[in-house]
Number of protein chains: 6
Amino acid sequence: MKDIQLRAEILIEAIPYIMQFHNKIVVIKYGGHAMVDDDLKKAFAKDLLFLKHAGIKPVVVHGGGPEINRLMKMVGKEPKFLSGLRVTDADSLELVEMVLSGKVNKEIVSNINHLGGKAIGLSGKDAGSIKAKKQETSTADLGYVGDVESIDPHIIHVIVDEGYIPIISPIGLGIDGFSYNINADIVAGNIAAALGAEKYICLTDVTGIMHDIKDPSTLIHELSLEGARELLGSSVLNGGMLPKLQSCITALEGKVPQAHIIDGRTKHAILIELLTDEGIGTMIKGD
Amino acid sequence: MKDIQLRAEILIEAIPYIMQFHNKIVVIKYGGHAMVDDDLKKAFAKDLLFLKHAGIKPVVVHGGGPEINRLMKMVGKEPKFLSGLRVTDADSLELVEMVLSGKVNKEIVSNINHLGGKAIGLSGKDAGSIKAKKQETSTADLGYVGDVESIDPHIIHVIVDEGYIPIISPIGLGIDGFSYNINADIVAGNIAAALGAEKYICLTDVTGIMHDIKDPSTLIHELSLEGARELLGSSVLNGGMLPKLQSCITALEGKVPQAHIIDGRTKHAILIELLTDEGIGTMIKGD
Amino acid sequence: MKDIQLRAEILIEAIPYIMQFHNKIVVIKYGGHAMVDDDLKKAFAKDLLFLKHAGIKPVVVHGGGPEINRLMKMVGKEPKFLSGLRVTDADSLELVEMVLSGKVNKEIVSNINHLGGKAIGLSGKDAGSIKAKKQETSTADLGYVGDVESIDPHIIHVIVDEGYIPIISPIGLGIDGFSYNINADIVAGNIAAALGAEKYICLTDVTGIMHDIKDPSTLIHELSLEGARELLGSSVLNGGMLPKLQSCITALEGKVPQAHIIDGRTKHAILIELLTDEGIGTMIKGD
Amino acid sequence: MKDIQLRAEILIEAIPYIMQFHNKIVVIKYGGHAMVDDDLKKAFAKDLLFLKHAGIKPVVVHGGGPEINRLMKMVGKEPKFLSGLRVTDADSLELVEMVLSGKVNKEIVSNINHLGGKAIGLSGKDAGSIKAKKQETSTADLGYVGDVESIDPHIIHVIVDEGYIPIISPIGLGIDGFSYNINADIVAGNIAAALGAEKYICLTDVTGIMHDIKDPSTLIHELSLEGARELLGSSVLNGGMLPKLQSCITALEGKVPQAHIIDGRTKHAILIELLTDEGIGTMIKGD
Amino acid sequence: MKDIQLRAEILIEAIPYIMQFHNKIVVIKYGGHAMVDDDLKKAFAKDLLFLKHAGIKPVVVHGGGPEINRLMKMVGKEPKFLSGLRVTDADSLELVEMVLSGKVNKEIVSNINHLGGKAIGLSGKDAGSIKAKKQETSTADLGYVGDVESIDPHIIHVIVDEGYIPIISPIGLGIDGFSYNINADIVAGNIAAALGAEKYICLTDVTGIMHDIKDPSTLIHELSLEGARELLGSSVLNGGMLPKLQSCITALEGKVPQAHIIDGRTKHAILIELLTDEGIGTMIKGD
Amino acid sequence: MKDIQLRAEILIEAIPYIMQFHNKIVVIKYGGHAMVDDDLKKAFAKDLLFLKHAGIKPVVVHGGGPEINRLMKMVGKEPKFLSGLRVTDADSLELVEMVLSGKVNKEIVSNINHLGGKAIGLSGKDAGSIKAKKQETSTADLGYVGDVESIDPHIIHVIVDEGYIPIISPIGLGIDGFSYNINADIVAGNIAAALGAEKYICLTDVTGIMHDIKDPSTLIHELSLEGARELLGSSVLNGGMLPKLQSCITALEGKVPQAHIIDGRTKHAILIELLTDEGIGTMIKGD
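What counts, and where the lines are drawn
Residues numbered from 1 in each chain as written. Chains lettered and ligands numbered in written order. Predicted model: local features only at pLDDT ≥ 70, side-chain atom pairs only at ≥ 80, totals over all residues. Heavy atoms only, no water. Helix = DSSP H or I, 4+ residues; strand = E, 2+ residues; numbered from the N terminus. Least-squares fit on C-alpha atoms with pLDDT ≥ 70 in both. Contact = heavy atoms within 4.5 Å. Axes fitted to C-alpha atoms, helices over the stretch in contact; angles between N-to-C directions. Parallel < 35°, antiparallel > 145°, perpendicular 65-115°, else oblique. Nonpolar A, V, L, I, M, F, W, Y, C, P; charged D, E, K, R; others polar. Salt bridge = Lys/Arg side-chain N within 4 Å of Asp/Glu carboxyl O. Buried < 20%, exposed > 50% of the residue type's maximum accessible area, 1.4 Å probe, protein only. Buried area = accessible area lost by both parts, 1.4 Å probe. Polar contact = N/O pair within 3.5 Å; in protein donor to acceptor, adjacent residues only side chain to side chain. Pairing = 2+ DSSP bridges. Phe/Tyr/Trp six-rings, centres within 6.5 Å; stacked < 30°, edge-to-face > 60°. Core = buried A, V, L, I, M, F, W, Y, C linked by side-chain atoms within 4.5 Å.

1. Digging into unusual backbone geometry
Then, number 1: For D:K255, which is not glycine, the phi torsion reads 80° and is therefore positive.
Then, number 2: You can see D:K255 is positioned in the loop between α9 (241-253) and β13 (258-263).

In structure tokens form, the structure reads like this:
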């Protein structure tokens, strides 16, 4: 009986956090290890389910990760890179879109719905949610790699208000009628801003933003928006962290009060960040 | 971090129960020790708060307990009893109503609202929710002691749908214009039926229904509606348990699927009953 | 037949007034003789009923009057006063709250509902409607005597829109978790302002504001907000009238167009004020 | 002051009647002297206004009366009758429709709206409310004289729910595309049935149904539906009363609880019938 | 099959126009030849029906045309004119109103509803939609000839949102209680402005605004609001075109983006203007 | 001008058909040649756009066609068949789902949205719309080939009511947590039934159901539900037609009034079927 009462008290300790985010939207960028490890995948689905039933409204944007490379290898297609950026020709885009919208997206949906949840997978092309434009780079033509032109959040609000969890793949439709693959971090930050989210959480495979990526003790616990902009301009960060930090800045500039870069390798990282006092990873505060 | 993850998992283990009662009404008869002990009072308020934020809709009916006797003593009024039933003359009723609707009711409201919740105290007279009739007894005139004539649940639904927790004192208005004090158990069972509640929970100061009240090992874990009716007709039960069992039968006859008589002296008894597999007290199942 | 036609014409003469207040909220401070005399009590309930069925939305705030003293006498408690203000210790507050929320409030509700109306009694603690703060006085500690910190009118609007008449007792909940007794006039003026009422009517036991309280011919028929403020600062008014005038000023400053201080000893004073051309008492006009 | 209080009490005496018809539809057949006399016309408009502001929903169906003959005389057209029924050729119908929908209807609307009310004039052709069929008579072709084929009450409900008073002229559209003039009594009874009215009131120029039309003491105060059918079949009634009685039967067969045939020459007959105990004219009760 | 596919393609070519006006209000001034010729009348009704079923919301304001003179002749009343304006005494107004609201209006309604549409005929007096004032002229008293004082578009929005097509006759109610006949062009322009229409179309019996009315090659295809104002002040236009141009200016000043004066003698002129690229008549563009 | 008027008349001729299907759901099984040929693909998107803007609610279910084989070939996977049914192991299912939900589905969405429409692509797994079960065959284990266990149409109704066109891929989620590929015809018929569609249209690559597939003159123009069941049991039909006919029977048994099997190679086949009198293909009528 003691043990059960302890469990009741743990539930009760979550109340203030649940009250804080009640009826609020939390946008989560999902990717990396948390999307590969079977244990973490299940824990992630359960975290979403708990949030939803506690009256919080999670919205997920996911990347494609290793699955894209796997399919390209299967069809014998050699990935090409220009200055570190993937060149995406029409054939590659077809494969990328199939993996993102047809495999990764639907697997997340399956995991949630199999638990009794109600997730809906959307591509950014659906309902014209993400209008894309070709990414402009001075150096080379990257093909069907795009940027966010604008977000129409209407269908996402509809779905969320009906009690579903939207799972969004980062493909947008250009006004030229072509589909574009967009960096999922960038999409997530823009969607957080367009939805008026209460919080934006970006999962990574490191502890957070660190001055020295090899030294966990250099973790930056908190940043101002101003500080985040400076850090982005400096040469401290490694390549993968740049779009993540940029997406946080985009969210904050869109009036999201707080953004977090946290370690997706930690089981239940989402629940821990949202429903406990435990500050994990790096928090960036809006003005 | 391990500890925090454990706490996240405890939250997650509550999901199936939360899903089961999502958007459902749970009627709780509150009284006895749980309404006297300061620790239990706070735990009760927190239990309600958690339920509410998990999308469950608690409705509370309370009795008056020792407070009525305390005020009667203060004004120097001698309680009178006839065959074990309190005789309630006009002066007594005035005191009873003040204690129930003006003190006990408002204290429960204070406790919840002070935690950030949104409770509303109602008397059964408010909005004509409880229509009362004078209790007919063959032997004697008990005065302003009433029975439930009918329940109009409209305002309770309105309040619940607006996100408030209704706290109801068991005073009804007769068609004769007089107020009547009604047994709180009986009111609670009728309200559970009228609201179409998913569950009715009656707090007592014992472990549940026992064949021998002095021997906890004789606790009856489960009863059918049929079995409950038989038990009510037998002479096994002591006086205080009779209206509680009757209120469960009333609820079940009104299509509430399950009723529970549980030990209000157990901290967080409500959460334990609703959100764990731990079967405490006596459960009575509807047909 | 002549007589009946005359009665029809009297109904018809009320049309312009009914049209003026259709769907509008009228806040009434109820107290004094009108709350003591049986005849006046019934007439008051009927006035509210007529307003409600003519599409006008009455909201009542009441005081406690002689009932508080009566109960204190019953329990042998001596009222204490400091510079004319009642000192309210914890024991007194318990009695005050029981009388206000458990007796006076519920009696008004009974009177209306017995006629077929639909009243709901609320304490300012219910739904967190009245947030209180301890009254600051330079001279002495008055105990649990409070002031209005803020009003949350949401539940009152909900109740009114559902067709009920809210009856409000002037008890507020402090952020310290304690209950506070607040002057009912002050509560009424604040609630009129918070609800965006069309009119605020304050019942008294005199004809209105008079230059000389003993000489009815000195009745002030109309005042500007400016004039009301000046009068409040002067030493013309006796003690009881000060919070009434202050509550009118509070209402007008909160954009209520008109406030009235009228004689509650006049049967049907409310209907007369609202539905005839007869100007009774003192009217104070907003800017 | 006495006088004013008396007036307040007259208002209050109307409460039970207002409560009875609150939010209910009352269909009134308007015609005869009440539609000719200037004083009665104004009184009628005021009666409607009072009902509307007391939350009752009046719906008016009117005839054309002497105005049709006046216009026919003006254009030099001779009325033709066959066995007492007006023969309506295409030219006559044009005049009839202009008078009904363009003059009488709009004058009633003007009278109400000039008082600050909100009336809307409709023909039965508008929104396809009245589907007509040619009246079948064994003896002769009456031209564009129709019967009610069916009523579509949707637009009337919309208008009433928006707070307007619908005024309906008895012209219907046939499936042959022609317009038909229908007896206004018959239209009114059918509309009362289709709207699910709480009461149907038919104004006439006599005191009610009388065994001997010359002897007021033979007034029938109350009839059952059964009795009304028998009376219709007998030869007691004069011509004008037949369609009125028929319309009452139609309303009652359509589940309207009560129908009244009352004297429209009595000023405020509507208010008197609805808001006093005074039984005037003949009441016919449904089963 | 070829032919059918061609027809499908014609439907499809209308899509961009339908999308442009989807859920938008288009106000049409209906009059002249289009209201006299049987073929054009039917085509007009069908045009409205198509618009309505394509999700566009037509609102029609009509004049009276030759019908007024016809009835006046029938009753032997001589039309009087002062400086080219009809003098409308009380008797004339009665006839004018009967023709407008009782004949022309109801005929348009019949034509639409006979096709299965859902039209509702309203006078500007209904629901107080058009508040009128006596037209002020320096030279003479024209009697009951009015101007628009104000428009209350509420009932029109209600009717349109319920899926009906409102047909409005240009009679307004003055605050003096008298009815006034108002120029239908002027009413239409004001209603387009009050409704926030997307387009205002005025049907005439000429090709559009021409520099030389006898020379079709002088048709002005497009005008700015500025240009329209200048043209109105010049002496180029003949009498009948003046109120039409004025009504366009009124609409554009009320933020209607475009107004059109087109030839109502062209069958399906409305559909052609709205659903093809074919620019017919004169278009006036707002700022 | 003549030509334009002709086009206007073609629009108008569509009115009765538009009225018939206004606000009604039409479920279309999309596949075969119509999903391969670029011209037909565009025509199909435009047909949907027209229907949507004419107030009709199209819902599309698509198959995968040759695209599945293409990807399997690309990854070097040999298709296996057992008694003519594709054996779908886990690896195949992954590819099938990617093609259906990630490529074909999103291409249809792109085509519609690029034209300015608002389509949303869903898998049957999204929102738990299609609950699948493993297909039971007596002879062999086909792997992840499923049947419809049940349809939850809620999200489809939500999407349609918000003005979007749902495009559904035939993948369902089993209660075992595995995904299943279901025959698209079968899914479409079940969805038509679950949505209460007004019509179900199945596109094929032949003219309709023919007694002799090589002889177009043996086309069956109309079948009763009874006749369809008999035909299904006979050995007349070739393999591909069997699930199509079965899906029609499923739709009709689910109270869809009419089902059509039409030739998707005909440009604008959908519009022709819905908006003209031209009966193409085979119509099957419900009881």
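Now that the structure has been shown, the text picks up again.
2. Thoughts on the relation of the copies chain D and chain E
Then, number 1: It takes a turn of 180° to lay chain D on chain E, together with a shift of 0.0 Å along the axis; the resulting RMSD is 0.0 Å. Classification of the inter-copy transformation places it as that of a two-fold axis. Using C-alpha coordinates, one finds that chain D approaches the rotation axis most closely at D:G102, a distance of 1.8 Å.
Then, number 2: When the interface residues of chain D are mapped onto chain E, 97% of them again lie at the interface, so the same face is used by both copies.

3. Structural notes on the packing of helix α4 (residues 66-74) of chain A against helix α5 (residues 90-114) of chain F
Then, number 1: Between α4(A) and α5(F), the least distance of the axes is 14 Å, while the angle of their chain directions is 105°. With respect to each other, α4(A) and α5(F) are oriented roughly perpendicular. Contact with α4(A), carried on its side by A:E67, A:R70, A:L71 and A:M74, involves F:E94, F:L95 and F:M98 of α5(F) and no other residues of that element.
Then, number 2: When the residues that make up the contact of α4(A) with α5(F) are grouped by side-chain class, the tally is four nonpolar, no polar and three charged.

4. Concerning the pattern of salt bridges
Then, number 1: Counted under the stated rule, the structure contains 120 salt bridges over all chains.
Then, number 2: Put simply, C:E107 and C:K41 hold a salt bridge, and the shortest N to O gap is 2.6 Å. Residue C:E107 is found in helix α5 (residues 90-114), and its partner C:K41 is found in helix α3 (residues 38-53); the two are separated by 66 residues along the sequence.
Then, number 3: Of the charged contacts in the structure, one is a salt bridge between D:D126 and E:K106, with a shortest N-O distance of 2.7 Å. Taken together, the positions of D:D126 in the loop between β5 (119-123) and β6 (130-134) and E:K106 in helix α5 (residues 90-114) put the pair across two chains. Here D:D126 matches E:K106 in class, with each residue buried.

5. Here's the deal with the interface of chain D and chain E
Then, number 1: Between chain D and chain E, the residue contacts involve 38 residues of the former and 37 residues of the latter.
Then, number 2: Both sides together, the interface formed by chain D and chain E hides about 2900 Å², and carbon and sulfur atoms give 62% of it.
Then, number 3: The interface formed by chain D and chain E holds six salt bridges in total.
Then, number 4: The shortest N-O distance in the salt bridge between D:E94 and E:R70 comes to 2.4 Å.
Then, number 5: Taken together, the links from chain D to chain E amount to 18 residue pairs in polar contact (both at pLDDT 80 or more).
Then, number 6: Put simply, the parts of the chain that give the side of chain D that touches chain E at least two residues each are α4 (66-74), α5 (90-114), β5, α6 (154-161) and β9 (171-174) of chain D.
Then, number 7: A per-element tally of the side of chain D that touches chain E places α5(D) first, with 13 residues.

6. Examining the pairing of β9(D)
All names here are of chain D.
Then, number 1: Here β9 shows two buried faces, one formed by I171 and L173 and the other by G172 and G174.
Then, number 2: Sheet topology note: the β6/β9 ladder contains two bridges and is parallel. In the sheet register, K131 faces β9, and the bridge partner there is L173.
Then, number 3: With three bridges joining them, β9 and strand β10 (residues 179-182) adopt antiparallel strand pairing. Across the sheet, G172 pairs through a bridge with Y180, a residue of β10.

7. Describing the packing of aromatic side chains
Residue and element names in this part refer to chain B.
Then, number 1: The tally for this structure, following the rule as stated, stands at 18 aromatic pairs over all chains.
Then, number 2: A centroid spacing of 3.7 Å and a plane angle of 5° characterise the contact between Y30 and F44, whose relative ring orientation is stacked. With Y30 in strand β1 (residues 25-30) and F44 in helix α3 (residues 38-53), this pair connects stretches of sequence that are 14 residues apart.
Then, number 3: Here Y30 falls in the buried class, since its relative accessible area comes to 2%.

8. Comments concerning the nonpolar core
Then, number 1: A:F50 and E:F50 are the most contacted members of the largest nonpolar core, which has 300 residues in total.
Then, number 2: Residues in contact with E:F50, not counting those within four places in the same chain, are E:I18, E:L271, E:L275, F:L11, F:I12, F:I15, F:I18 and F:F50.

9. What to know about the arrangement of the chains
Then, number 1: Across the gap from chain A to chain D, with no contact made, the nearest C-alpha atoms are 28 Å apart.
Then, number 2: Separated without contact, chain C and chain E have their nearest C-alpha atoms at a distance of 16 Å.

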